[in-house]
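Coordinates in review
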Amino acid sequence: MLFKQQAWLRQKLLVLGSLAVGSLLYLVARVGSLDRLQPICPIEGRFGARGQAEFPLRALQFKRGLLHEFRKGNTSKEQVHLHDLVQQLPKAIIIGVRKGGTRALLEMLNLHPAVVKASQEIHFFDNDENYAKGIEWYRKKMPFSYPQQITIEKSPAYFITEEVPERIYKMNSSIKLLIIVREPTTRAISDYTQVLEGKERKNKTYYKFEKLAIDPNTCEVNTKYKAVRTSIYTKHLERWLKYFPIEQFHIVDGDRLITEPLPELQLVEKFLNLPPRISQYNLYFNATRGFYCLRFNIIFNKCLAGSKGRIHPEVDPSVITKLRKFFHPFNQKFYQITGRTLNWP
Ligand code: A3P
């Protein structure tokens with residue numbers, strides 16, 4: 001009898017103990033996530049915000065959920081007014097480089113409570129028809145945000161389009177410009193892979209990379225091939241430097257963003273004068289995808305679309321060597337101008 005009672009008591013204690021541990025774990029997880037949702041340091045003075053001392057928690061709630069509704073246009077003018085939401089011109093733009101990891105960078109920066117991303121590529125400055133619609137059209141394409149937040153957009157075509165630096169300069173001569181680069185040959189192959197996939201989707205055939213990248217007459221690198229030209233980063237950057245000083249640019253190492261995103265993001269936070277808020281908690285490696293994915297909180301997480309992280313076709317090693325040799329002097333110049341050495345081969 002006594003033995004039975006003891007067993008019963010032990011069982012009860014076990015259940016109560018599990019409940020207590022479970023609650024404790026839940027609280028720790030919750031407090032951990034709430035802690036990250038605490039008001040961030042004010043960033044007034046940095047981006048000329050209106051001097052609010054605190055960054056309201058509701059801003060984050062909006063950012064995570066309701067802003068989505070605002071973006072979809074499911075809101076009334078009163079609601080926008082009530083919550084003090086505005087559509088702001090970007091304070092920073094990811095200007096390129098195509099296939100450098102521009103989407104990953106934008107999405108990862110959007111983890112920061114003070115950053116609101118423009119989800120779509122707007123192509124305002126590189127598309128004459130859009131540009132002719134005027135700056136108000138561009139502003140109206142921006143997501144709703146709080147005045148203390150900053151809007152960021154990405155359109156990788158900006159980096160290589162002739163007219164863009166002057167146009168952006170006319171909008172805001174002190175704007176911050178982000179350029180994410182990858183090892184130039186890998187980037188060119190990634191660029192080719194994207195075009196190839198598009199062709200295959202339409203049941204069209206396409207040339208092999210080797211045929212496009214190497215001029216068959218001279219056996220030299222074909223500089224007329226767009227994927228090659230885009231990877232000559234220094235040539236494009238030099239055009240931008242006619243309008244903006246180098247201090248207004250930040251170079252993101254796209255290869256490192258793949259393998260070790262946090263330190264790259266921390267450098268961007270610093271460049272944008274944002275308090276450090278993106279943490280390892282926000283980034284987890286997904287072995288199935290082979291990439292880091294994003295964790296907003298205990299409930300919401302996401303990986304980038306399948307179109308990011310394609311398998312590249314195999315390329316003749318001699319062509320790779322030739323391309324790397326070709327890019328080498330341009331890379332050296334790029335390191336020299338930007339002050340960021342990337343140790344590309
Ligand atoms: P690949 O498809 O060649 O692997 P962009 O967004 O500028 O088009 O860049 C696409 C590239 O982003 C991908 O090129 C991929 O390698 C890179 N990338 C960086 N971080 C990533 C991430 N977390 N998830 C998926 N792709 C990522």
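For clarity, every value in this text was computed on a predicted model and none was experimentally measured.

Our focus in this paragraph is the overall build of the protein chain. The secondary structure content of the protein chain amounts to 14 helices and ten strands. Within the protein chain, the proportion of its 345 residues that are buried is 45%. Accessible surface, the protein chain as shown: approximately 18500 Å² in total, 56% of it carbon and sulfur.

Let us look at the site of the ligand. The environment of the ligand is made up of 18 residues, and the closest members are K99, T102, S190, Y292 and H312. The contact in question runs from a nitrogen atom of the ligand to an N or O atom on the backbone of Y292, over 2.9 Å. Burial of the ligand by the protein amounts to 97% of the accessible area it has alone, namely 570 Å². Elements supplying a minimum of two residues to the shell around the ligand: α4 (102-109) and β9 (291-295). Per-element accounting of the shell around the ligand gives the leading share, four residues, to α4.

Between two packed helices, both the angle of their axes relative to each other and the distance between the axes serve to describe the pair. Packing of helix α8 (residues 184-201) against helix α14 (residues 317-338) leaves a shortest axis separation of 9 Å and a crossing angle of 120°. With respect to α14, the element α8 is oriented oblique. Touching P184, T185, T186 and I189 of α8 are I320, L323, R324, F327 and N331, all from α14. Here the residues of the contact of α8 with α14 sort into five nonpolar, three polar and one charged.

Attention shifts here to the UniProt feature "active site" (unreviewed entry) in the protein chain. The positions that UniProt labels "active site" (unreviewed entry) are, in the present scheme, K99. Among residues more than four places away in sequence, those in contact with K99 are R182, R187, S190, D191, Q194, S307, K308 and R310.

The subject of this paragraph is the sheet that holds strand β8 (residues 283-286). Within the open sheet, the three strands sit side by side as β8-β9-β10. Their pairing is antiparallel. Only two strands of the sheet have a single partner each, and these edge strands are β8 and β10 (301-302). Across four bridges, β8 lies against β9 in antiparallel orientation. Within β9, the residue paired with Y284 across the bridge is C293.

Counting residues in hydrophobic clusters, the biggest one holds 28 residues, and the most contacted among them are I95, Y158, I168 and W240. Those elements that place two or more of their residues in this core are β2 (92-96), α7 (164-171), β6 (176-181), α11 (233-240), β7 (249-253) and α14. With residues up to four places along the chain from it excluded, the contact list for I95 reads S155, P156, A157, Y158, F159, I168, L177, L178, I179, W240 and F249. Counting residues in each nonpolar core, the second largest holds 27 residues, with M108, L262, L294 and F296 among its members.

Turning our attention to the state of the cysteines. In this structure the tally under the stated criterion is one disulfide. Across the disulfide from C293 sits C303; the S-S distance is 2.0 Å. Sign of the S-S torsion, about 100° for the bond between C293 and C303, identifies this disulfide as right-handed. Of the two residues, C293 is situated in strand β9 and C303 in the loop between β10 and α14; the sequence distance between them amounts to ten residues.

Tallied over the entire structure, the rule returns 23 aromatic pairs. Both rings, one in F125 and one in Y158, keep their centres 5.5 Å apart while their planes meet at 75°; by these two values the pair is edge-to-face. Separated by 33 residues along the polypeptide, F125 in the loop between β3 (115-117) and α5 (128-132) and Y158 in the loop between β5 (150-154) and α7 bring together distant segments of the chain. Considered together, F125 and Y158 belong to a single accessibility category, that of buried residues. When the centroid spacing of 6.4 Å and the interplanar angle of 90° are considered together, the rings of W240 and F249 count as edge-to-face. Members of the aromatic cluster, joined through ring pairs, are F124, F125, Y131, W137, Y138 and Y158. Above the plane of the ring of Y131 lies R167, whose end atom (NZ or CZ) is 4.2 Å from the centre. Of note, R295 hangs over the ring of Y281, and the distance from its end group to the ring centre comes to 5.2 Å.

Conventions and cut-offs
- Residues numbered from 1 in each chain as written.
- Predicted model: local features only at pLDDT ≥ 70, side-chain atom pairs only at ≥ 80, totals over all residues.
- Heavy atoms only, no water.
- Helix = DSSP H or I, 4+ residues; strand = E, 2+ residues; numbered from the N terminus.
- Buried < 20%, exposed > 50% of the residue type's maximum accessible area, 1.4 Å probe, protein only.
- Areas by Shrake-Rupley, 256 points an atom, 1.4 Å probe, with all protein chains shown as cover.
- Near = heavy atom within 4 Å.
- Polar contact = N/O pair within 3.5 Å; in protein donor to acceptor, adjacent residues only side chain to side chain.
- Axes fitted to C-alpha atoms, helices over the stretch in contact; angles between N-to-C directions.
- Parallel < 35°, antiparallel > 145°, perpendicular 65-115°, else oblique.
- Contact = heavy atoms within 4.5 Å.
- Nonpolar A, V, L, I, M, F, W, Y, C, P; charged D, E, K, R; others polar.
- UniProt positions renumbered as here; feature names shortened; annotations may be inferred.
- Pairing = 2+ DSSP bridges.
- Core = buried A, V, L, I, M, F, W, Y, C linked by side-chain atoms within 4.5 Å.
- Disulfide = S-S within 2.5 Å.
- Phe/Tyr/Trp six-rings, centres within 6.5 Å; stacked < 30°, edge-to-face > 60°.
- Lys NZ or Arg CZ within 6 Å of the ring centre and 35° of its normal.

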